[in-house]
Structure formats: C-alpha cells, structure tokens
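Read off the chains here:
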Amino acid sequence: MTDSRDPEIENEKRMKTLPKRLLYLLRYGALKEGLDVDINGYVDITDVLKVPLISTYSQEEILNEVKTSVSYRNIHRYEWREKDKKTFIRAAYLRRFERSPVHPGTQVKTLAETSMNCVLDNLDMFDLEEFQDEDTIKLMIHRLKRKKTLSNKALSVLLVPTLTRIDLEGIYLTNNTLRLLWTQCPHLRGVSLKNCGYIVTDAMLTQLVKNLPMLEQLNLSRCVHLTDKCLAIMSKRLTHLKVLHVAGVPSIKPKSVHTFLDSAKSLTFLDVFYMKTTQEEFDSLTEKAKTLGVRLVLHSPKEKLPLKEERFSDEDEKGESDNDGDDDGGGSGDDDDIYDDDFYDHSDVDEDDLDINF
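Residues numbered from 1 in each chain as written. Predicted model: local features only at pLDDT ≥ 70, side-chain atom pairs only at ≥ 80, totals over all residues. Heavy atoms only, no water.

Each helix and strand in the chain was counted, giving 11 helices and nine strands. In the chain, buried positions account for 51% of the 358 residues. Of the roughly 17,700 Å² that the chain leaves accessible, carbon and sulfur atoms contribute 52%. (Helix = DSSP H or I, 4+ residues; strand = E, 2+ residues; numbered from the N terminus. Buried < 20%, exposed > 50% of the residue type's maximum accessible area, 1.4 Å probe, protein only. Areas by Shrake-Rupley, 256 points an atom, 1.4 Å probe, with all protein chains shown as cover.)

See below:
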C-alpha cells in the first residue's frame, strides 16, 4: 500500500503547527519539559530541539520562526542572542513558566503539585481568606482558567485580600462575583475584564472604580457594552491609573480620548487601537500623547486594519516585553518593555503585546 500524501502539503501542515508549539514552550512549558531556563527566560536552542513537541523541526526552522514571527501590530514575539558560540532564545513577553509537576527523571508528582491538585479538586472545603501567598492564588486561578473550569463558585473562594492583580479575561461573571472583587480584594491594583461580555457596563464600571480607587492598571478591551462615558467615569475616580486598555470598545470616540488624556494625570499608556479616526484626529491625539509622555496605541487611518490571527498567537498575548538590560545579541524589541511583567499574559502593542500581564 503506497502513501499518497503530498510531501509539500504535509510539510505545510507541519510548519503551521510550529508557531503555537514554540509559543507554548517559550511562554509556559519550558520548565515542564525539563529545559534549563536562565533568569531572563532564555533557553539554549539545541535543548529546545530535544523536546518531543519540537523535535521534528530543524534548528534553522526554529531560528527562522524566532527571527521573523511578529504580532499583527508588528511586534516581535521572540528575542535571541549569541553567547559562547551558542544561540539562546526566549519569548519577548508573557513568560509565565509552569513548574514541572513531577520530580526530574520520574513520573512521581511533587508534593507541591499533589497539594495544589488536592486544593483545586476540593475548593469548597477550604477557606483561603487568610492565605498570604498571592503567587499561589494566582497560579490556581490561572490553572482553572486554562482548564476552562474557573466558575463563579471557585472565584468566591479564590478572591482573597492578598490579591493585588487578577486576570478574569473571557470569564462568565455575575454581578455578585464582580462585587467580590472589591469586597474580598480591597488591595487590587490591576484588573483585566477583557472580553467579559454584557456584564461590563458603565454602571458596573462606576461601582468598580468607586470601590477600587487605587487601581493602576485596567484592561477593558472588547467590553462592547461600555459607552463613550466610560473614560470620564475612570478619569474622575482613578487618579492613580497608569495603564488602560480599551481597544475594541466601539462607542469610544476621539473627542473623549482627547479629554481623557488631559484629565488622567498619572496615565503612561493607553490602548485604543481599533478606534476609528480621521487623519486630523489621529495627528492631534498622537501629538497630545507625545506631549504628555503617554504611550498611545492607535491605528492610523492610512493603514488597513489587520485581520485577527489565530487566538493562541495573538489574543493570548498580553502586552509587554521584559527589559532586563541584557539584550546583547540580536533581540528584537527595544522599547516594548513598559509593563510590570507579572501583570498583564493577559499584548506590547498587540493584544498579543499590550495587555496586562498577570
């Protein structure tokens, strides 16, 4: 029996899977796959080639993907450098490595992994209000999100006072759950409600900012039920707001953005990428932002709006490169490091690049 498959078609299919696999490995899975990751997130490319997920690709194919892959806002997804005749690569942003669940060289789960699974499988038996380890709480929330099992019931247990940042992107929320944000997490400084649907309205936003006035970072991208008034609501209450994402909120108009830039005194970054403008409005807003020292992400009316790419590669990228001062070998993102890497995975100038990293 002969194999009738076309080699060119098969190779094309193989190469289409590379972007997702490499993103997963360099953002999340390197430690789980047993790779050595340095303090800045770099891994030896020859080690990457040994991972079963990647082993069918050549070093040239991997390096080409690293050097050419950009988000739809033209931000490089990877960085690379040469050291001691070796090539090291890393994801440029959104690195949230998950620890290996098993002991090295075995299939025996670690005590930490076993304990975590026990808690997550029996959340209703635990009271975590006095639990002080924010990183562990965020990891539990992240795991449930990845499994698509982050329910409102689970959030009622996991929303605890120790949290300062939380990413609820795309989660089905109720009014009661949203109230828990300010009643159970009064110290929140960063919140992502990106793409949370009908629940995010001007009325809800008013309650949120009234009860969490110390917010510094907020992602409301694709919250399509907000109106043009949402910017005024935030500028009135959130005097400490530094980073705001409202890309994909169709009601927001250039005039309101102009007023917001004048009134939001602490603002350093504003993402209104999809907002439609005339050339005159675009020029006025970009000049205003430049004068105020605000990084403005806004699509030029001269350019065609980009098509959405695959969800994993863009929607999931959340906004920041890491500037650790060691990019001595051919990396790609110089000035894209404006966020706290722990906050918003949640996109630098892409949803791929400019959302809050939690």
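Next comes the rest of the description.
On to the packing of aromatic side chains. Evaluation of the coordinates by the stated rule reveals one aromatic pair. A ring pair is formed by Phe273 and Tyr274, whose centres lie 5.1 Å apart and whose planes are at 80°; its orientation type is edge-to-face. Among the residues examined, Phe273 registers a relative accessible area of 8% and is labelled buried. A relative accessible area of 22% places Tyr274 in the partly exposed class. The cationic tip of Arg81 hangs over the ring face of Tyr42; the distance from NZ or CZ to the ring centre is 4.1 Å. (Phe/Tyr/Trp six-rings, centres within 6.5 Å; stacked < 30°, edge-to-face > 60°. Lys NZ or Arg CZ within 6 Å of the ring centre and 35° of its normal.)

Mapped onto the fold, Glu65 is located in helix H3 (residues 59-68). Buried charge without a partner: Glu65 forms no salt bridge, and the closest opposite charge is Arg77, 5.6 Å away. The residues contacting Glu65, other than those within four sequence positions of it, are Leu18, Pro19, Leu22 and Tyr78. (Lys, Arg positive; Asp, Glu negative; His and termini not counted. Salt bridge = Lys/Arg side-chain N within 4 Å of Asp/Glu carboxyl O. Contact = heavy atoms within 4.5 Å.)

Another point: the nonpolar core. In this structure, Leu193, Leu205, Leu218, Leu220, Met234, Leu244 and Leu270 are the most contacted members of the largest nonpolar core, which totals 66 residues. Excluding residues that lie within four positions of it along the chain, Leu205 makes contacts with Leu218, Leu220, Leu226, Cys230, Ile233 and Met234. In terms of nonpolar packing, the next biggest core, distinct from the first, is built from 21 residues, Leu35, Val48, Leu49 and Val51 among them. (Core = buried A, V, L, I, M, F, W, Y, C linked by side-chain atoms within 4.5 Å.)

Our focus in this paragraph is the pairing of strand E2 (residues 78-83). Inspection of the sheet shows E2 paired to strand E3 (residues 86-91) by six bridges, in the antiparallel sense. Paired with Glu82 across the strands is Thr87, a residue of E3. Between E2 and E3, which pair antiparallel and follow one another directly, the connecting turn spans two residues, one of which, Asp84, has a positive phi of 55°. (Pairing = 2+ DSSP bridges.)

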